[in-house]
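# Examining the three-dimensional arrangement
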Amino acid sequence: MAAYLCPPAVIHGKHAVRTSQIVDEVRGRHPNSAWAPRIDGIAASTGIETRGWMLPLEAAVAPGSGSGLPAAGIGPAREALAGDGFTEQDVDRVITALEAIPAPQTVQERTAPAWSAVQSYGERAARGALQIAGLDAADVDCLITSHSTTPALPGLDVSLANRLPLRSDVLLLPATQWACIAGTRSLALAADLVAADPDRVVLVVIAEALSTTYQPADDTLESLIVRLLFADTAVAAVVTGRPRPESVLRLDAAWHHTLPGTQDLHRLETREDGTHFVMDRRGPRAVQETVTAMWEWLRLRYQDDPGSWHPDVLLAHPGGTRVLEYMEETMPDGWPSGLLSHSRDSYTSGNRGGAAVFDIMRRAYDAGQKAGSRAVLYAAAPGLTATALEGEWL
């Protein structure tokens, strides 16, 4: 399966949003929520103090351009109020009050600026990855893209094909719904593509504006956690079938796993006011099941050398601290400590969704990961589905 990966380009959201800002905004909007007395402890438990967003917090909490007046309009509202016995003066006051109430942002108002940012950030990441790899846009034979939180058709693949621009015969493979596994699964697909043609150059670009799931009106505990976790990031990397001077990681094997009956644990829902990320409290336990299955895959892969084989670095995006802790607790005896240090470091500035594994990989590269290090990449996503890769640092 050998595929060669050049260092990724990582573009963080330029707007630094502090946890304290989010806490103040949510507390002011939902002072009577059942979880309000615990909000400071909940925020602290994430371990995240600041995250980068492509758009400022003010954009997420701003009211929409409409008013609280029903969509039917002023005329029908007046008739309804008059029919209920309101005087004309009372009707005027009610109509004025309704018109003064701001309506929530619509799907278009929330998504359009985020989609514009995703394209811009994706282009910057793509150009950065090509520069790192010592290549030009004309060298790209295939483009794999993902941007789960900003649905659009045509998508990021066509946008980048025009922006970079790419050759007209480049194979475009949009993988919009991969979400958190976009990093690992796109690399697995790229490895298959270069295995079929070692001269093929594959560019992977993932741009996620997860801040679009920040929904001010939601007052559930799960919605509070979503507000606190997510960060916006664009990443990109070049994968080739033959080693290049710039190559830093060889991918040798891939593993995929899907748990039946778990499709409702994490999901995106599109409503009138935009995209909502809905999660079930059973989610971490289901993710843990995929971790256990991955350990078994690695055990079987190295069953002839069980006593001495272990990864030297684990680039894992499990989505939260609980699963990171579980991964450490269930690692085989004798494995070294600190395998998840880069994953933990990345998580302190937010959950980056599909861009996370590339960000973690970049941190390992910047830290001077030693040649010959054995690496395992892992991610799980709504579905519930997981993908892992195993390879060696060059």
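The structure under discussion appears in the preceding block.
Residues numbered from 1 in each chain as written. Predicted model: local features only at pLDDT ≥ 70, side-chain atom pairs only at ≥ 80, totals over all residues. Heavy atoms only, no water.

## Re the overall build of the protein chain
Quick reminder of the rule: Runs of E in the DSSP output that reach at least two residues are strands. Runs of H or I that reach at least four are helices, and both are numbered from the N terminus. Here the globule rule reads 2.2 Å times residues to the power 0.38, and the radius of gyration is calculated from C-alpha atoms. Burial status follows relative accessibility: with a 1.4 Å probe on protein chains alone, a residue under 20% of its type maximum counts as buried, one over 50% as exposed, and anything between as partly exposed. The contact definition used throughout considers only heavy atoms, calling two residues in contact when any of these lie within 4.5 Å. Surface accessibility follows the Shrake-Rupley procedure with a 1.4 Å probe radius. Residue values consider only the protein chains on display as shielding. Positive charge is attributed to Lys and Arg, negative charge to Asp and Glu, and no charge count is given to His or to the chain ends. By convention, charge coordinates are those of NZ in Lys, CZ in Arg, CG in Asp, or CD in Glu.
When its secondary structure is counted, the protein chain shows 13 helices and 14 strands. Here the protein chain has a C-alpha radius of gyration of 23 Å; the compact-globule value for 394 residues is 21 Å, and the two agree. A principal-axis box enclosing the C-alpha atoms of the protein chain has dimensions of 85 × 50 × 35 Å. Buried residues in the protein chain amount to 54% of all 394 residues. Looking at the protein chain alone, contacts between residues at least 24 apart form 81% of all its contacts between residues at least 6 apart. Entry remark: accessible area of the protein chain is about 17000 Å², with carbon and sulfur atoms responsible for 51%. In the protein chain, 33 positive and 47 negative side-chain charges are present, and the distance between their average locations comes to 3 Å.

## A closer look at helix α13 (residues 356-366)
Burial within α13 is extensive, with eight of its eleven residues counted as buried. Along α13, the positions that sit buried rather than exposed are Ala356, Val357, Phe358, Asp359, Ile360, Met361, Arg363 and Ala364. A positive phi of about 80° marks Gly368, the residue just after α13.

## Considering the layout of surface pockets
Selection rule: Put simply, the grid is 1 Å and covers the protein atoms alone, a cavity is a trapped set of points that fit a 1.4 Å probe, a pocket is an open set with protein on both sides within 12 Å along at least five of seven lines, and lining residues have an atom within 4 Å of a point. Grid points are joined across faces, edges and corners, and a volume is the space filled by probe spheres set on the points.
Roughly 710 Å³ of internal volume is contained in the largest pocket. Along the wall of the largest pocket there are 30 residues; nearest its centre are Ile225, Leu229, Met279, Pro284 and Gly319. Within the residue set of the lining of the largest pocket, elements represented by two or more residues are α2 (39-45), α9 (221-229), β11 (274-279), α10 (283-301), α11 (321-330) and β13 (374-381). No other element matches α9, which puts four residues into the lining of the largest pocket.

## Regarding empty space enclosed by the protein
Where empty space is left in the structure can be found by rolling a water-sized probe over the atoms. Inclusion rule: Just so you know the grouping, Ala, Val, Leu, Ile, Met, Phe, Trp, Tyr, Cys and Pro go in nonpolar, Asp, Glu, Lys and Arg go in charged, and all remaining residues, Gly too, go in polar.
In total, this model carries one cavity of 30 Å³ or more according to the counting rule given. Space inside the largest cavity adds up to approximately 70 Å³. If you go around the largest cavity, you meet 14 residues; those closest to its centre are Ala316, His317, Ser343, Tyr347 and Ile360. For the lining of the largest cavity, the secondary-structure elements that each account for two or more residues are β12 (313-317), α12 (341-347) and α13. Per-element tally for the lining of the largest cavity: the top contributor is α12, with three residues. Here the lining of the largest cavity is built from residues that sort into six nonpolar, seven polar and one charged.

## Overview of the pairing of strand β5 (residues 142-146)
The cut-off we apply is this: Strands pair, by our definition, only if DSSP identifies at least two bridges between them.
Within β5, five of the five residues are buried, leaving the element largely enclosed by the surrounding structure. Sheet topology note: the β5/strand β6 (residues 171-174) ladder contains four bridges and is parallel. Within β6, the residue paired with Ile144 across the bridge is Leu173. The pairing of β5 with strand β7 (residues 201-209) spans five bridges and is parallel. Paired with Ser146 across the bridge in β7 is Ile206.

## Some thoughts on unusual backbone geometry
In this chain, Leu153 is followed by Pro154 through a cis amide linkage whose omega measures 0°. Inspection of the secondary structure assignment puts Pro154 in the loop between β5 and α7 (156-163). The backbone of Ala179 sits at a positive phi, close to 50°, despite the residue not being glycine.

## Some remarks on α9
Of all nine residues that make up α9, seven are buried, and the element is covered over most of its length. Burial in α9 covers these residues: Leu221, Ser223, Leu224, Val226, Arg227, Leu228 and Leu229.

## Looking at the packing of aromatic side chains
Using the following cut-off: Only the six-membered ring of Trp is used, alongside the rings of Phe and Tyr, when aromatic pairs are assigned; centres must lie within 6.5 Å, and planes under 30 degrees apart are stacked while those over 60 apart are edge-to-face, with the rest tilted. Two limits define a charge over a ring: the Lys NZ or Arg CZ must be within 6 Å of the ring centre, and within 35 degrees of the ring normal.
Counted under the stated rule, the structure contains six aromatic pairs. When the ring of Trp53 is compared with that of Tyr214, the centres are 5.6 Å apart and the planes differ by 75°; the resulting orientation is edge-to-face. Of the two residues, Trp53 sits in strand β4 (residues 50-53) while Tyr214 sits in the loop between β7 and α9, which places them 161 residues apart along the sequence. Residues Trp53 and Tyr214 agree in their burial class; the two are buried. These aromatic residues form a ring-pair network of at least three members: Trp295, Tyr302, Trp309 and Trp335. In this structure, Arg124 is placed above the aromatic ring of Tyr121, and the distance from its NZ or CZ to the ring centre is 5.2 Å.

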